[in-house]
Amino acid sequence: MSAPAVPAPEAAAVPAPEAAVAAGPVTLPLAELHGSLSDPLLDAMTFLNEVTTRYPQAISFAPGRPYEGFFEPEDVPAYLDAYLDHLAATGLDRDAIRTTLFQYGPTKGIINDLVARTLAHDEGLTVAPEALVLTVGAQEGMLLTLRALCAGPDDVLLVSSPCYVGVTGAARLLDLTTVPVPEGPEGGPDPEAVRAAAREVRASGRRPRALYVVPDFANPSGTSMPVAARARLLETAAEEGLLIVEDNPYGFFARDIGARPTLKALDRHRRVVYLGSFAKTCFPGARLGYLVADQEVTGPGGRRTLLADEIAKLKSMTTVNTPALSQAVIGGMLLTHDCRLRAANAPATAHYAAAMGALLAELERQLPAAERDRLGVSWNVPEGGFFAVLTVGFAADEAAMERCARDFGVLWTPMAPFYPAGGGERRLRLSISSLTPERIAEGVARLAGFLRAEGGTAG
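Structural notes, computed from the coordinates. All residue numbers here refer to positions counted from 1 along the written sequence of the relevant chain. In view of the model being predicted, local features appear only for residues whose pLDDT reaches at least 70, and side-chain atom pairs are presented and counted only at 80 or more, with totals across whole chains, interfaces and linings using the full set of residues. To obtain the side-chain values, all non-hydrogen atoms of the structure were included, while hydrogens and water were left out.

## Here's the deal with the overall build of the chain
Argument step 1. Runs of E in the DSSP output that reach at least two residues are strands. Runs of H or I that reach at least four are helices, and both are numbered from the N terminus. Helix and strand content of the chain: 17 helices and 15 strands.
Argument step 2. Taking 2.2 N^0.38 as the reference for a compact globule, 459 residues should give roughly 23 Å; the C-alpha atoms of the chain span a radius of gyration of 25 Å, in line with that estimate.
Argument step 3. If one aligns the C-alpha atoms of the chain with their principal axes, the spans along those axes are about 105 × 65 × 50 Å.
Argument step 4. Exposed residues in this analysis have more than 50% of their type's maximum accessible area, buried residues have under 20%, and partly exposed residues fall in between, with area computed by a 1.4 Å probe over protein chains only. Within the chain, the fraction of its 459 residues that count as buried is 50%.
Argument step 5. Contacts between residues were defined by any pair of non-hydrogen atoms, one from each residue, lying within 4.5 Å. Considering only contacts within the chain whose residues lie at least 6 apart along the sequence, 74% involve residues at least 24 apart.
Argument step 6. Note that accessible areas follow from Shrake-Rupley with a 1.4 Å probe, and for residues the cover is restricted to the protein chains shown. For the chain, the exposed surface amounts to about 21200 Å²; the carbon and sulfur share of it is 57%.
Argument step 7. None of His or the chain ends enter the tally, which takes Lys and Arg as positive and Asp and Glu as negative. Lys charges are placed at NZ, Arg charges at CZ, Asp charges at CG and Glu charges at CD. Taking the average location of the 41 positive side-chain charges in the chain and that of its 53 negative ones, the two points are 3 Å from each other. Here the globule rule reads 2.2 Å times residues to the power 0.38, and the radius of gyration is calculated from C-alpha atoms.

## Some thoughts on the sheet that holds strand 6 (residues 243-247)
Argument step 1. Whether two strands pair depends on DSSP finding at least two bridges between them. Strand order in the open sheet made by the seven strands is 2-8-7-6-5-3-4, with mixed pairing throughout. Edge strands, defined here as strands with exactly one partner in the open sheet, are strand 2 (132-136) and strand 4 (177-182). The sheet shows a mean angle of 25° between the axes of neighbouring strands, taken without regard to direction. With axes taken as lines fitted to C-alpha atoms, and helix axes fitted only over the stretch in contact, angles between N-to-C directions fall between 0 and 180 degrees.

## A closer look at the packing of helix 3 (residues 75-89) against helix 12 (residues 324-336)
Argument step 1. With their axes 7 Å apart at the nearest point, helix 3 and helix 12 run at an angle of 80° to one another. As judged from the angle between their axes, helix 3 and helix 12 are roughly perpendicular. Between helix 3 and helix 12, the residues in contact are V76, Y79, L80, A82, Y83 and H86 and A328, V329, G331, G332, M333, L335 and T336, respectively.
Argument step 2. Put simply, Ala, Val, Leu, Ile, Met, Phe, Trp, Tyr, Cys and Pro go in the nonpolar bin, Asp, Glu, Lys and Arg in the charged bin, and everything else, Gly too, in the polar bin. Broken down by class, the residue content of the contact of helix 3 with helix 12 amounts to nine nonpolar, four polar and no charged. Orientation categories follow fixed angle ranges, with anything under 35 degrees roughly parallel, anything over 145 roughly antiparallel, 65 to 115 roughly perpendicular, and all other angles oblique.

Now the structure itself:
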């Protein structure tokens, strides 16, 4: 005889959410989405894009995009052909070439050897191809690196202040804590301030994991670290047990100085994870970046890998791999220039140097010393790169930028979003990268008119 059936326990009634009861499409409260979506930092760049669209005739000192006069559409198929010829010369047959271009490829990339050769020629870096990961822009490399290095909520990222919003935004998406370190008088994060910040974080029971830094012509400040300061920063990082995440998109574009060694080139103990990009040195549309992560990782049973291998695991769960066509075009460009981008970029370097010189000269001409003293205006003098910073006598916020665009036909970028702990309210960033010297002269004349108008109302 079978046992009598036991009635199932009655499930507790779960009240239906009000939104489910109401008819109509689903509405998602912002408070129930990730907290980063409520962060004003993410709105800052959206506003900038929108205001640029609303005032298309304005002269824009806002974007850090390269000058388009160096881009020719016919170069793209030429570079692709150069890479196809390279593949054939290595012995690949047509079927293997088809697979290389059209299929999913290795997560770490297909042009690692060419990038390694380029780093050796241009930066004096000896990098094994297997220590490289090709990424969808440097931004992906940044996100993956932070995710790999920071193991839990007690890991803290130190950042220079002011700081590129891409890294503070990436940290916000990953729920990582950032601690700002002020720039020193020489440029870049002050080594003593780095030491103090690391010790303060450690005293609070957390781990200062890494420092993010742009040593050459930083975005947004335009400052660059002297070689001696770079050496001191590496020493400080070693003493405090910090890794360094070095981002180097602007290193080629010096005005009056020779190339300075990267932190990675000075690094003798593999303390630096190096982020690179082909956006400024080749072209942004390829969306190709890379990272050098040659640190050894030890695991259970004595397993040893490179940090690049571990980061590739993360990439395999995000973008899977980096588009082969983008890599092929950039690979062809590298081959065309014998993997020597510094020489290939000499015309662009000269252009940006002339543009920065024009900006500084026009500021001096349009705003002589007596007038800028009256208006409370000053600016820094970058040694290269794309950016300069003006200090003004009024709140240089989004409302001021819109007044400037509407009434004077010129755009710039407010600096406050670049300060993680607040600050920069009376500073604005000017970018020269997408403008000719002639447009810069006209733009500075318009900007000077705006500064005079605001000077009469500043509090």
